[in-house]
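The residues making up each chain are set out below.
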Amino acid sequence: MTMARRRSKLEIYLDILMLIRSGVNKPTRIMYGANLSWKPLQQILKSLVEQELIREVDARDRRDRRTTTYYVITRKGENVINYFSRARELIRMDGMVNSLILHE
Amino acid sequence: MMNFDEKMDAIDLIINVLREHEKSLDELVSRLEELLSKAPAGRGAEAERPTIRALVREWKEFRERCSGAGIASFEVEDKKFRVSALKGGVLHIYEEMIPDMEIRFREREDRIVIDEVELRGREMIPAALRGRLNCGLEISVKGEEIKMPDGVSLYRMVYDLEAEKARNWLANQLKMDPKNIIHGRIQA
């Protein structure tokens, strides 16, 4: 059995942002997708809203009139995802270049 | 290429995550401090609960081992001066006999002739003559004369120590607060 590496807080934040951008926007769905329990997820969502990386939207269901909360990514959230995606890509490319140089 | 807004937003997130880390650490530190502040009495007692007793023969060694001890006690029992000090989970004990001297003499003209001097042990000779225990503590001396029927007199020298004097002397020797020195006994 292999142990999964413990994610950093920053990685968890980015995972949640990417999930929301991909359309996984309901709290329970995000919780399953990000592999988190309810309480930590609520704290992180609150923090992301405060940082204006996501926006909380309350929508009323037409059938049973219940209010459901979902989240949408903001422009700032998009910027953060783009920045880290490119940074990851640069690190990956750098690793590939290094391994090519070592094998020469 | 990455634009300025992206960089700033990413840095903003990193800073906020670090700030949350700091907040978590602050909370942990506060909880730890709170736990420690509640602990001292229990913790001290636990840490200072003696596991062994050590009978130390020489006062010099006792003084060195027990310097700055948390608690100490002294008492006189059966003509024995006993000091106990708790340090490093060890109850150190020092004991020393208090001398008791009897002089038998008779008067001959204007002089006295000593027939016998009686002491309970030879190690007590210096203490009896100096009025000071071997550890250095001063002892008070009282004398009483008893006339015997055969013209012989018995002079009994009774040595004793004053509790407050002993407490202050011990505090000085062991570099302790006199408040932490009990006239009585601490037991393991």
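Details of the structure are given in the entry above.
Below: a short report on this structure.

Quick look at the interface of chain A and chain B now. With 16 residues of chain A in contact, the opposing surface of chain B contributes 16 residues. Of the roughly 1,400 Å² buried where chain A meets chain B, counting both sides, 64% is carbon and sulfur surface. It is Lys9(A), Tyr83(A) and Arg86(A) in chain A that bury the most area against chain B; as a group they hold 37% of the surface buried on that side. Linking chain A to chain B there are three salt bridges. For Arg86(A), the salt bridge goes to Glu6(B), with nearest N and O atoms at 3.0 Å. Here chain A and chain B share six residue pairs in polar contact (both at pLDDT 80 or more) between them. For the side of chain A that touches chain B, the secondary structure elements donating two or more residues are α1 (9–21) and α4 (75–103) of chain A. Among the elements that take part in the side of chain A that touches chain B, α4(A) stands out by supplying nine residues, more than any other. Here the side of chain A that touches chain B is composed, by residue class, of nine nonpolar, four polar and three charged.

Parameters at a glance
Residues numbered from 1 in each chain as written. Chains lettered and ligands numbered in written order. Predicted model: local features only at pLDDT ≥ 70, side-chain atom pairs only at ≥ 80, totals over all residues. Heavy atoms only, no water. Contact = heavy atoms within 4.5 Å. Buried area = accessible area lost by both parts, 1.4 Å probe. Salt bridge = Lys/Arg side-chain N within 4 Å of Asp/Glu carboxyl O. Polar contact = N/O pair within 3.5 Å; in protein donor to acceptor, adjacent residues only side chain to side chain. Helix = DSSP H or I, 4+ residues; strand = E, 2+ residues; numbered from the N terminus. Nonpolar A, V, L, I, M, F, W, Y, C, P; charged D, E, K, R; others polar.

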